[in-house]
Amino acid sequence: MMGFWFTQGLSFLPIGLGVWTTATMVISYVMAVCRGDVVPDFPYISDTGDKIPESCVFGQMLNISAFLSLGTMYVRYKQIEAMNQADARGLRILNKASLWVGLLTSVGITLVANFQETNVRAVHFIGAGMVFGLGVVYSFLHTVISYKLCPTFVTLRKCRARAFITAVGGTAMIIAFGTAMVANYQWATHEHEHDRLHWRPEDPGFAPHVASTISEWIMALAFLFYFFTFITDFQLMEMDAVIRLKWEELQERAPLITA
């Protein structure tokens, strides 16, 4: 029996990552807007998880996203390792580099989840830089890997799709970070009766701020769509855990139980 498409192979990993992370962003956004903790017009994603109680929900759900992303990236690493039948040195290096980049990206997700912007600003920004900056690097590395595996394991259409998504994510990141610096500089030139979670159209730097927040949402969605391109690849693989007992050491520590 084939079963449902989302249960085939290990496809549940990229599907779960994309669906769960999207749900995280939507739930925290709805909670923050309903409570009046942020403005409804394109707040930063992390701003929606800055205040209690949405920060608790945002943090817990994003920690699970970090676990799912690490699992997805590790399985992808093992998949590429299996596909590298000729043991090509360049492909092996790219694959290992992407694994380490993916690990750091997942660590960045936990920093964003557990260190709110208004509480520990520096750590939060480091985490955000790791997520988005290294996320672009990870996408780029696996796009290069995809082209190296084309057409044996990856279709040209999928390679181009991954290249396009990587370009969108990278462009959005540059715009998001650049306009954020402009917006924060212009904001700092005036005094305000409200905080940065409640930007108003009349505030200096409002236009670049909105450009930055929209770019951040586009960047986040681009990364999730990138993982969705792994679904069909993961449907065609299985992974087993092999447990090997060290019998010699076991015998030294305790006698074997015999019937």
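Calculation criteria
Residues numbered from 1 in each chain as written. Predicted model: local features only at pLDDT ≥ 70, side-chain atom pairs only at ≥ 80, totals over all residues. Heavy atoms only, no water. Helix = DSSP H or I, 4+ residues; strand = E, 2+ residues; numbered from the N terminus. Buried < 20%, exposed > 50% of the residue type's maximum accessible area, 1.4 Å probe, protein only. Contact = heavy atoms within 4.5 Å. Areas by Shrake-Rupley, 256 points an atom, 1.4 Å probe, with all protein chains shown as cover. Patch = residues over 30% accessible without salt bridge, like charges linked within 9 Å, V, L, I, M, F, W, Y side chains within 5 Å. Salt bridge = Lys/Arg side-chain N within 4 Å of Asp/Glu carboxyl O. Core = buried A, V, L, I, M, F, W, Y, C linked by side-chain atoms within 4.5 Å. Axes fitted to C-alpha atoms, helices over the stretch in contact; angles between N-to-C directions. Left-handed = near helix turned anticlockwise from the far one by under 90°. Nonpolar A, V, L, I, M, F, W, Y, C, P; charged D, E, K, R; others polar. pLDDT = per-residue confidence, 0-100. Phe/Tyr/Trp six-rings, centres within 6.5 Å; stacked < 30°, edge-to-face > 60°. Disulfide = S-S within 2.5 Å.

With respect to the overall build of the protein
Alright, step 1. In terms of regular secondary structure, the protein is built from eight helices and zero strands.
Alright, step 2. With the C-alpha coordinates of the protein rotated into their principal frame, the extents come out at 80 × 50 × 35 Å.
Alright, step 3. When burial is assessed residue by residue, the protein has 45% of its 259 residues classed as buried.
Alright, step 4. In the protein, 70% of the contacts between residues at least 6 apart in sequence involve partners at least 24 apart.
Alright, step 5. When the accessible surface of the protein is totalled, it reaches about 14600 Å², and 68% of it is carbon and sulfur.

Description of a nonpolar patch on the surface
Alright, step 1. A surface patch of nonpolar side chains, amounting to about 350 Å² of accessible area, comprises Leu70, Trp100, Leu103 and Val107.
Alright, step 2. Of note, leucine 70 is situated in helix 2 (residues 54–83).

Some thoughts on the environment of threonine 152
Alright, step 1. Among the secondary structure elements, threonine 152 is positioned in the loop between helix 4 (121–149) and helix 5 (156–188).
Alright, step 2. By relative accessible area, threonine 152 is classed as exposed at 63%.
Alright, step 3. A sequence separation of 69 residues divides threonine 152 from methionine 83, and the C-alpha atoms of the two residues are 9.3 Å apart.

So, the nonpolar core
Alright, step 1. By size, the foremost hydrophobic cluster in this structure holds 24 residues, and its most contacted members are Leu149 and Phe234.
Alright, step 2. Among the secondary structure elements, those contributing two or more residues to this core are helix 1 (12–35), helix 2, helix 3 (89–114), helix 4, helix 5 and helix 6 (206–228).
Alright, step 3. For this core, the element with the most residues is helix 2, which contributes five residues.
Alright, step 4. Excluding residues within four positions of it along the chain, phenylalanine 234 makes contact with Gln8, Gly9, Leu10, Ser11, Leu13, Pro14, Thr72, Val75, Arg76 and Gln79.
Alright, step 5. If you look at the next biggest cluster of nonpolar residues, it comprises 20 residues, including Ile45, Ala66, Ile109 and Phe132.

Description of the packing of helix 4 against helix 6
Alright, step 1. Where helix 4 contacts helix 6, the two axes come as close as 11 Å, and the packing angle between them is 35°. Helix 4 and helix 6 meet at a crossing whose hand is left-handed. Residue-level contacts link Val131, Phe132, Gly135, Val136, Tyr138, Ser139, His142 and Thr143 of helix 4 to Glu216, Met219, Ala220, Phe223, Tyr226 and Phe227 of helix 6.
Alright, step 2. In terms of residue class, the contact of helix 4 with helix 6 is built from nine nonpolar, four polar and one charged.

Some details on the confidence of the model for the protein
Caution applies to low-pLDDT regions: their predicted coordinates should not be interpreted in detail.
Alright, step 1. Residues of the protein with pLDDT of at least 70 account for 95%, and the chain-wide mean is 91.
Alright, step 2. Within the protein, no element has a lower average pLDDT than helix 8 (residues 247–253), which sits at 72, and none a higher one than helix 3, at 96.

As for the environment of glutamine 85
Alright, step 1. Here glutamine 85 lies in the loop between helix 2 and helix 3.
Alright, step 2. Residue glutamine 85 is classed as exposed on the basis of its relative accessible area of 69%.
Alright, step 3. Between the alpha carbons of glutamine 85 and glutamine 186 there is a distance of 55 Å; along the sequence they are 101 residues apart.

Regarding the packing of aromatic side chains
Alright, step 1. Applying the stated rule across the entire model yields nine aromatic pairs.
Alright, step 2. Seen in terms of ring centroids, tyrosine 29 and tryptophan 217 are 6.3 Å apart; in terms of plane orientation they differ by 85°. Their pairing is edge-to-face. Taken together, the residues tyrosine 29 in helix 1 and tryptophan 217 in helix 6 connect sequence positions 188 residues apart.
Alright, step 3. Under the relative-accessibility criterion, tyrosine 29 is labelled partly exposed at 26%.

Some details on the pattern of salt bridges
Alright, step 1. Inspection of the entire model under this criterion finds eight salt bridges.
Alright, step 2. With a closest N to O distance of 2.8 Å, lysine 78 and glutamate 81 form a salt bridge. Highlighted residues: lysine 78 and glutamate 81, both in helix 2, separated by three residues, approximately one helical turn.
Alright, step 3. Judged by relative accessible area, glutamate 81 falls into the partly exposed class, the value being 38%.
Alright, step 4. Aspartate 233 is the partner of arginine 162 in a salt bridge, and the nearest nitrogen-oxygen pair spans 2.7 Å. Of this pair, arginine 162 sits in helix 5 while aspartate 233 sits in helix 7 (residues 231–235); the two residues are 71 residues apart in sequence, bridging distant segments of the chain.

Details of the state of the cysteines
Here, the word disulfide means a covalent bond between the sulfur atoms of two cysteines.
Alright, step 1. This model, assessed by the stated rule, comprises zero disulfides.
Alright, step 2. The structure places no disulfide on cysteine 34, whose sulfur is separated from the nearest cysteine sulfur, that of cysteine 56, by 17 Å.
Alright, step 3. In this structure cysteine 159 is not part of a disulfide, and its nearest cysteine sulfur, from cysteine 150, lies 4.3 Å away.

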